[in-house]
Amino acid sequence: MAWRPSFVVTHRTREDLLGDNGGTFAFDGVEAAARRAKEAAGDKDVLVLGAAVARQLLRAGLLDEVRIHLVPLLMGEGTPLFAGERAELIPQGAAVTGSVTHLRYSVPKPFC
């Protein structure tokens with residue numbers, strides 16, 4: 001697999017981070033990290049991992065698509081994906097099912 005740049009959005013200080021985790025740490029907010037990731041990706045997609053970062057990008061109007069992978073396993077805790085956020089999600093294609101259900105939605109841009 002080819003190396004791909006990664007941008008880690010964090011509120012921790014540089015001193016809190018131990019070692020090199022293979023990513024560029026973004027201490028200046030999610031919007032700046034998204035901008036740098038898009039520049040690095042060029043014409044390719046940017047993948048976002050983590051509920052808190054995805055929620056912030058949705059709130060900022062910077063999330064174009066949501067892909068949800070439903071696994072039939074209840075763990076009883078965790079970070080809610082979009083706790084408290086509201087958005088229109090437009091289904092893209094049919095759900096792909098098996099032992100995991102894969103869903104894909106586009107996120108329309110808000111009117112300005």
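Source: prediction; values computed, not measured. (Residues numbered from 1 in each chain as written. Predicted model: local features only at pLDDT ≥ 70, side-chain atom pairs only at ≥ 80, totals over all residues. Heavy atoms only, no water.)

*Asks:* Please set out helix H1 (residues 30-41) residue by residue, giving values where relevant.
*Replies:* In a regular helix each residue adds 1.5 Å, so 12 residues correspond to 16 Å; H1 covers 16 Å between its end C-alpha atoms and thus fits that length. Buried within H1 are the following residues: Val-30, Ala-32, Ala-33, Ala-34, Ala-37 and Ala-41. Count one or two residues on from H1 and you reach Gly-42, which has phi positive near 65 degrees. (Helix = DSSP H or I, 4+ residues; strand = E, 2+ residues; numbered from the N terminus. Expected span 1.5 Å × (residues − 1). Buried < 20%, exposed > 50% of the residue type's maximum accessible area, 1.4 Å probe, protein only.)

*Asks:* Could you give an account of the side chain of Ser-106, with specific residues and numbers?
*Replies:* Its place among the elements puts Ser-106 in strand S5 (residues 101-106). The contacts of Ser-106, once residues within four sequence positions are left out, are Asp-64, Glu-65, Glu-88, Leu-89, Ile-90 and Gln-92. (Contact = heavy atoms within 4.5 Å.)

*Asks:* Outline the confidence of the model for the protein, supporting the account with residue identities and numerical values.
*Replies:* When pLDDT is averaged along the protein, the result is 82, and 83% of the positions lie at 70 or above. Mean pLDDT values over the elements of the protein span from 69, in strand S2 (residues 24-26), up to 95, in strand S4 (residues 90-91). (pLDDT = per-residue confidence, 0-100.)

*Asks:* Could you give an account of helix H2 (residues 51-59), with specific residues and numbers?
*Replies:* Looking at H2, one finds that the buried residues are Ala-51, Val-53, Ala-54, Arg-55, Leu-57 and Leu-58. Residues of H2 that are buried in the fold lie against strand S1 (7-9) and H1. Looking one or two residues beyond H2, the residue adopting positive phi is Gly-61, at roughly 75 degrees.

*Asks:* Tell me about the environment of Leu-70, and please be specific about residues and values.
*Replies:* Position of Leu-70 relative to the elements: it lies in strand S3 (residues 65-70). Between the C-alpha atom of Leu-70 and that of Ser-99, which follows or precedes it by 29 residues, the distance is 8.9 Å.

*Asks:* Please set out a nonpolar patch on the surface residue by residue, giving values where relevant.
*Replies:* A cluster of nonpolar side chains, contributed by Val-71, Leu-73 and Met-75, occupies part of the molecular surface with about 350 Å² of accessible area. Looking at where Val-71 falls in the secondary structure, it is placed in the loop between S3 and S4. (Patch = residues over 30% accessible without salt bridge, like charges linked within 9 Å, V, L, I, M, F, W, Y side chains within 5 Å. Areas by Shrake-Rupley, 256 points an atom, 1.4 Å probe, with all protein chains shown as cover. Salt bridge = Lys/Arg side-chain N within 4 Å of Asp/Glu carboxyl O.)

*Asks:* Talk me through the nonpolar core; I want residue IDs and the actual numbers.
*Replies:* By size, the foremost hydrophobic cluster in this structure holds 8 residues: Val-30, Ala-34, Val-53, Leu-57, Leu-58, Leu-63, Val-66 and Val-107. Listing elements by their share of this core, those giving two or more residues are H1 and H2. With 3 residues, the top contributor of residues to this core is H2. Apart from the residues within four sequence positions on either side, Ala-34 is in contact with Leu-57 and Leu-62. (Core = buried A, V, L, I, M, F, W, Y, C linked by side-chain atoms within 4.5 Å.)

*Asks:* Hey, could you go over the layout of surface pockets for me, with residue numbers and the actual values?
*Replies:* What the largest pocket holds in volume is close to 1800 Å³. As for the largest pocket, its lining consists of 48 residues, of which Val-46, Leu-47, Val-48, Leu-49 and Leu-63 are closest to the centre. If you list the elements that add at least two residues to the lining of the largest pocket, you get S1, H1, H2 and S3. Of all the elements, H1 adds the most residues to the lining of the largest pocket, at 9 residues. Residue composition of the lining of the largest pocket, grouped by class: 31 nonpolar, 6 polar and 11 charged. (1 Å grid on protein atoms, 1.4 Å probe; cavity = no way out; pocket = protein on both sides within 12 Å on 5 of 7 lines; lining within 4 Å. Points joined across faces, edges and corners; volume = space filled by probe spheres on them. Nonpolar A, V, L, I, M, F, W, Y, C, P; charged D, E, K, R; others polar.)

*Asks:* Residues and numbers for the pattern of salt bridges, please.
*Replies:* When their charged atoms lie close together, side chains carrying opposite charge are able to pair. As enumerated under the stated definition, the model contains 4 salt bridges in all. The salt bridge partner of Arg-67 is Glu-65, with a shortest N-O separation of 2.7 Å. The closest approach of N and O atoms between Arg-104 and Glu-65, which form a salt bridge, is 2.9 Å. Taken together, the residues Arg-104 in strand S5 and Glu-65 in strand S3 connect sequence positions 39 residues apart. Exposure remark for Arg-104: the relative accessible area of 38% places this residue in the partly exposed category. Residues participating in the shared-partner salt-bridge network are Glu-65, Arg-67 and Arg-104.

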